[in-house]
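Inside the fold
Chain by chain, the residues run as shown.
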Amino acid sequence: MWNKKYIKNICGWGAIMALLLLSVWGIRKYGIESVHLSTRSMENALHKGDYVLVNKAKWIRKDIQRNAILLFTSPLQRDTVAGALLISRCIAVPGDTVLVHNDGYRINGKEYPLSPNTLRRYSMQKQGLKFFIPAMKKLNIPERERVNHTTESCFTLTSFEAYQVMENLPEMFRPMLQLQPSPSYQLIIPQKGRAYPLDSLSLIACKEAIRNEAGDKALFKEGKLYLDGAPMSYFFFKENYYWLLSDNVAEAIDSRHVGLIPESHIIGNLFFCWYSNDPQRRFKKI
């Protein structure tokens, strides 16, 4: 039979192991957790396959800064079952007025150019491909998402890659490489507890956010919001919201698809890459 001292030691070690497991669980859930990136949504700032650390502390979510790379989940009801984790860059915080255009962002009247590493769509006319493709191979630039059309082919490049390729083309063929235009739009990011003016355009941007907060009380009809049958010209949001966009706009899910991101759906801030297939990117601050 086991003596009391042996049983006491077993219980002691059991308590220590339970405490360690509880501590690890608490750190991962409320502190710092390692995440493996399975998409190319933030290339070239981060790469598919990278292992990064995420700060999930509550105070981080209360003090989100522009340009931070965030881990979040979709606020759309139909996406919550899968619970997919997404990453994007914070472009605007509560109260900001955002104009998104082809060359970057205008936030509160100040221009923020796109990063040179932002992936965008470019077209190259057919007659220039015989110089364009060799130039890409020379520079070790992959043919990302190539689509061939009758008179041109489209590729996804960073602004810096496009500049490099342009410099390697014969001068007469350089105008054949063209950036594809993207739609422009403007919106105000909702702030907790502040009256948000509603019109037909703002309702398009905030419809899902209002529906998530107001539930069945909200009715949208002819470009207007009705709460419990009463027409509303303002709405008071219960949460702060953010506008997140990925660096790789051609291959990502971000605010362009799921709309405004509420604070409750932000998990944490990516701050350190501890492993990458590229040795030069390991143990680097993000």
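A brief look at the structure comes next. Keep in mind that what you see is a predicted model, and the values were worked out from it rather than measured.

Some remarks on the packing of aromatic side chains
For the structure on display, the rule yields 10 aromatic pairs. Measuring from ring centre to ring centre gives 5.3 Å for Tyr 51 and Trp 274, while their planes differ by 45°; the resulting arrangement is tilted. Placement of Tyr 51 in strand 2 (residues 51-55) and of Trp 274 in strand 20 (residues 266-275) is noted, with a sequence separation of 223 residues between them. Owing to a relative accessible area of 33%, Trp 274 belongs among the partly exposed residues under this scheme. Aromatic ring contacts, followed pair by pair, group Tyr 196, Phe 235, Phe 237 and Tyr 241 into a single cluster.

Structural notes on empty space enclosed by the protein
Counted under the stated rule, the structure contains one cavity of 30 Å³ or more. In this structure, the largest cavity encloses a volume near 50 Å³. Lining the largest cavity are Pro 75, Ala 205, Glu 208, Ala 209, Asn 212, Tyr 241, Val 258, Gly 259, Leu 260 and Pro 262. Considering every element that reaches the lining of the largest cavity, the biggest residue donor is helix 5 (residues 200-214), with four residues.

As for the pairing of strand 20
If a strand is regular, its side chains alternate between the two faces of the sheet. When strand 2 meets strand 20, the two strands line up antiparallel, connected through five bridges. Of the residues in strand 20, the one forming a bridge with Leu 53 is Phe 272. In the sheet, strand 3 (residues 69-73) pairs with strand 20 via three bridges, with the strands oriented antiparallel. Residue Phe 72 lies in a different strand from strand 20, and its bridge partner there is Ile 266. Where strand 20 and strand 21 (residues 284-285) come together, two bridges link them in antiparallel fashion. Considered in strand 21, the bridge of Phe 272 is made with Lys 285.

Reading the values: the criteria
- Residues numbered from 1 in each chain as written.
- Predicted model: local features only at pLDDT ≥ 70, side-chain atom pairs only at ≥ 80, totals over all residues.
- Heavy atoms only, no water.
- Phe/Tyr/Trp six-rings, centres within 6.5 Å; stacked < 30°, edge-to-face > 60°.
- Helix = DSSP H or I, 4+ residues; strand = E, 2+ residues; numbered from the N terminus.
- Buried < 20%, exposed > 50% of the residue type's maximum accessible area, 1.4 Å probe, protein only.
- 1 Å grid on protein atoms, 1.4 Å probe; cavity = no way out; pocket = protein on both sides within 12 Å on 5 of 7 lines; lining within 4 Å.
- Points joined across faces, edges and corners; volume = space filled by probe spheres on them.
- Pairing = 2+ DSSP bridges.

Keep in mind these numbers describe shape, not what the thing actually does.
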